[in-house]
Amino acid sequence: MNTKRLTIAVSALAAALMCGCARQDDSRVKMITEATFPPYEFMRGKDIVGIDVEICRAVAQKLGREFSCETVDFDSVIPAVISGKADLAAAGITVTEDRRKNVDFSVPYVKTGIVVVYKKKDGFAGPDQLKGRKIGVQGGTTSETYVLEQLKQEPDRSRSPAEAVAALKSGRVDFVIADIDPAKNCVKGEADLAISDFITSEEYAVAIKKGRPELLKAVNETIAEIKADGRLAKWIAEYTAESDKLKDK
Ligand code: GLN
């Protein structure tokens, strides 16, 4: 084998080892999300937009790569980075110890939590009131975990916070549990509905396949930069205003 052939063979072997089951495309940063979660990700016509999209686009810019974004159901978001279908998962993903077993998390970019959406006529005095009642949640979320682990009952699963709130309005469920921002968006303009204070304290971060330290470093540096230069605060304000307006239509 001449030197050139040997080099090709060695690089092919290295590439195969690096790629695992899915091919790693280094020309692009592929983001995976679930675009029913305003203001973090939602549809503007055919485009997926929102705070998380801006964060991942800023990572791609930092790395000098193209950027693409796809939306799937929330329970398929983390599996997509594990399989290598996507490089970054950002979907208002709460950092949990369970998820940490399967993916690496960036530094957090938002402190937040889940709340109860209730009918004003029913009121909401505290989590004890939820026991034994029908609770709507978006499947695969920390709201689902809350119902399973804290209330020790089965939730009614929907594909989005808005669908869960529609089930509350139609009377199929008695309460909805969801992250505060999409919950606020859903109750906007709904005179009969209200939201509680936080019932948990959570943090959002970007999820990355384990064993990609350069990508993790780039995401962490990007988050530090967008926090420091005011971009993150600006995106939060702009996308909250935009998604509130969509609700008004
Ligand atoms: N923060 C919640 C979670 O990670 C919900 C996220 C979402 O529905 N997009 O489970």
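Shown above is the structure to which this text applies.
In this report, we go over the structure that sits alongside the text. (Residues numbered from 1 in each chain as written. Predicted model: local features only at pLDDT ≥ 70, side-chain atom pairs only at ≥ 80, totals over all residues. Heavy atoms only, no water.)

### So, the packing of helix α2 (residues 51-63) against helix α8 (residues 213-228)
How two helices sit against one another is set out by the angle between their axes and by the gap between those axes.
Argument step 1. Relative orientation of the contacting elements α2 and α8 amounts to 115°, with a least axis distance of 9 Å. When the axes of α2 and α8 are compared, the pair comes out roughly perpendicular. You can see that α2 and α8 cross each other, and the crossing is right-handed. Listed contacts from α8 to Ile55, Ala58, Val59, Lys62 and Leu63 of α2 are Leu215, Ala218, Val219, Glu221, Thr222, Ile223, Glu225 and Ile226.
Argument step 2. The residue makeup of the contact of α2 with α8, split by class, is nine nonpolar, one polar and three charged. (Axes fitted to C-alpha atoms, helices over the stretch in contact; angles between N-to-C directions. Helix = DSSP H or I, 4+ residues; strand = E, 2+ residues; numbered from the N terminus. Parallel < 35°, antiparallel > 145°, perpendicular 65-115°, else oblique. Left-handed = near helix turned anticlockwise from the far one by under 90°. Contact = heavy atoms within 4.5 Å. Nonpolar A, V, L, I, M, F, W, Y, C, P; charged D, E, K, R; others polar.)

### Thoughts on the sheet that holds strand β14 (residues 207-209)
Argument step 1. Strand order in this open sheet of five strands is β4-β1-β5-β14-β6, and the pairing throughout is mixed. Of all the strands in the sheet, the pair left with one neighbour each is β4 (66-71) and β6 (103-105).
Argument step 2. Here strand β1 (residues 28-33) pairs with strand β5 (residues 88-89) via two bridges, running parallel. Paired with Met31 across the strands is Leu88, a residue of β5.
Argument step 3. Against the sheet, α8 makes contact with β5, β6 and β14, and its axis sits at roughly 165° relative to β14, the strand it touches most. (Pairing = 2+ DSSP bridges.)

### Here we look at the site of the ligand
Argument step 1. Close to the ligand lie 13 residues, the nearest being Ala91, Gly92, Gln138, Thr142 and Asp179.
Argument step 2. Contact between the ligand and Thr94: a nitrogen atom at 2.7 Å from a side-chain N or O atom of the residue.
Argument step 3. Look at the ligand: alone it shows 300 Å² of surface, and the protein chains cover 100% of it.
Argument step 4. Across the shell around the ligand, the residue classes tally to five nonpolar, five polar and three charged. (Near = heavy atom within 4 Å. Polar contact = N/O pair within 3.5 Å; in protein donor to acceptor, adjacent residues only side chain to side chain. Areas by Shrake-Rupley, 256 points an atom, 1.4 Å probe, with all protein chains shown as cover.)

### Points about the sheet that holds strand β11 (residues 175-179)
Argument step 1. Spatially, β10-β9-β11-β8-β12 is the arrangement adopted by the five strands of the open sheet, whose pairing is mixed. Sheet topology places β10 (156-158) and β12 (193-195) at the edges, where each strand pairs with a single neighbour. Averaged over all pairs of adjacent strands, the angle between their axes in this sheet comes to 30°, without regard to strand direction.
Argument step 2. Sheet topology note: the strand β9 (residues 135-138)/β10 ladder contains three bridges and is parallel. From the neighbouring strand, Gly136 faces β10, where its bridge partner is Asp156.
Argument step 3. Lying over the sheet, helix α5 (residues 142-150) contacts β8 (114-119), β9, β10 and β11, oriented at roughly 130° with respect to β11.
Argument step 4. Sitting on the sheet, helix α7 (residues 180-187) touches β8, β11 and β12, and the angle it makes with β11 is about 130°.

Keep in mind these values describe shape, not function.
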